[in-house]
Amino acid sequence: MRNSVLARKLTHERAAPTLGAVLAVVPQPVTVRVPAKVNLHLAVGDLRLDGYHELVSVFQALSVTDEVTVAATDAPGVQVYGEGAGTVPTDRRNLAWRAVLALAEHAGRRPAVRVVLRKGIPVAGGMAGGSADAAGTLVALAGLWRLDISREELAGLAAGLGSDVPFALHGGTALGTGRGESLVPVLTRHTFHWVVALDHRGLSTPDVYRELDRLRAHGSPPQRLGDVEPLLEALASGNPRQLALLLGNDLQAASVSLRPALRRTLRAGVDAGALAGMVSGSGPTCAFLCVDGDAAVRVAAELAGVGVCRTVRVASGPVPGARVVEDPRPVPPPEPLAHA
Ligand code: C5P
């Protein structure tokens, strides 16, 4: 009799574990902050046989960031909040979800996770927001699953997800070659001050590269950027006036060809007092280098008043790549998920 009471008691304890035991097996969500990028120099070579272009790119990570939270769940999927959230796919096209699948396969884990994206980086804006989300997801999941994985292994997975994903992991300022995924750090001991102007609609990166190929094949091809060395020297000097003279982007002619109104935005930023303005990556976001933080605030206010763009932000760079946030905001409750 006593034994059967004991047996019942043990069975009951197994069926209803204590709160402490539950907390021990369900890991806490992990949140990562990850930056947007601007290309200070983007020299685009010819189309390769694999459909990519050979690049020489100097990336700088800016203080315009997304937050990526991953949480263990039985109902996997992606939730997106913030500006432009409605236009971000939450299915397999979402690069953050593809990052989950890539790391799950690499680690031999089930992709039983919910990814919550809080967008601060403009969607389809040429600032690598999707790539940032993928990089953030890799770092967050590696933390959630407590994987023993090196930064180099993560960078390898990142390169498989997209050309700009390794830089979002890396952050700072870096020289990228190949598709842009092969990185070496560039030393800058200085902070540069930027204004970014967001357009009303995004531009598709493949469309912009295709337009550049078309412009190069027909009529008068746009002039190609020169050597990157002078720009690297200007970065080392920390002098924004010197850097402003050397900023350049071979994709700019193509994005302006697809979106002629960008010419007006670029002119308006310089008229407002920026040292220089250029299209960021494949656009349509424009980035304006300013002499200091106060000038950036003045340029942003004036540019916002002209009404040539949807919204204007002040930013600085370089900032670090994808990093775990120690005091994250609460995770929003799960939503009914379309799939994943
Ligand atoms: O690598 P990712 O998926 O970010 O690239 C998106 C598209 O941008 C590619 O499919 C290609 O059309 C274009 N691209 C390119 N050359 C690069 C990087 C991207 O043509 N170096």
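Use the structure listed above.
Worth saying up front: this structure is predicted, and the values here are computed from it rather than measured. (Residues numbered from 1 in each chain as written. Predicted model: local features only at pLDDT ≥ 70, side-chain atom pairs only at ≥ 80, totals over all residues. Heavy atoms only, no water.)

Caption draft 1: Region of interest: the nonpolar core. Judged by nonpolar contacts, the single largest core of 65 residues is most densely connected at Leu103, Val115, Trp194, Leu235 and Leu247. At nine residues, the largest contribution of residues to this core is made by helix 4 (residues 129–144). Counting residues in hydrophobic clusters, the runner-up holds 20 residues, among them Val195, Ala268, Cys286 and Phe288. (Core = buried A, V, L, I, M, F, W, Y, C linked by side-chain atoms within 4.5 Å. Buried < 20%, exposed > 50% of the residue type's maximum accessible area, 1.4 Å probe, protein only. Helix = DSSP H or I, 4+ residues; strand = E, 2+ residues; numbered from the N terminus.)

Caption draft 2: Spotlight on the pairing of strand 7 (residues 192–198). Summarising burial for strand 7: six of the seven residues are buried, a large majority. One ladder, built from seven bridges, connects strand 7 with strand 11 (residues 311–317); its direction is antiparallel. Looking at the pairing, His193 lines up with Ser316 of strand 11. Where strand 7 and strand 10 (residues 286–290) come together, five bridges link them in antiparallel fashion. Looking across to strand 10, one finds that His193 is bridged to Cys290. (Pairing = 2+ DSSP bridges.)

Caption draft 3: Representation of the sheet that holds strand 9 (residues 276–279). With respect to topology, four strands assemble into an open sheet ordered 9-10-7-11, the strand pairing being antiparallel. Looking at which strands have only one partner, the edges of the open sheet turn out to be strand 9 and strand 11. For this sheet the average axis-to-axis angle between neighbouring strands, irrespective of direction, equals 25°. Helix 11 (residues 262–271) rests against strand 7, strand 9 and strand 10 of the sheet, and its axis sits at about 15° to strand 10. Against the sheet, helix 12 (residues 293–306) touches strand 7, strand 10 and strand 11, its axis set at about 15° to strand 7. (Axes fitted to C-alpha atoms, helices over the stretch in contact; angles between N-to-C directions. Contact = heavy atoms within 4.5 Å.)

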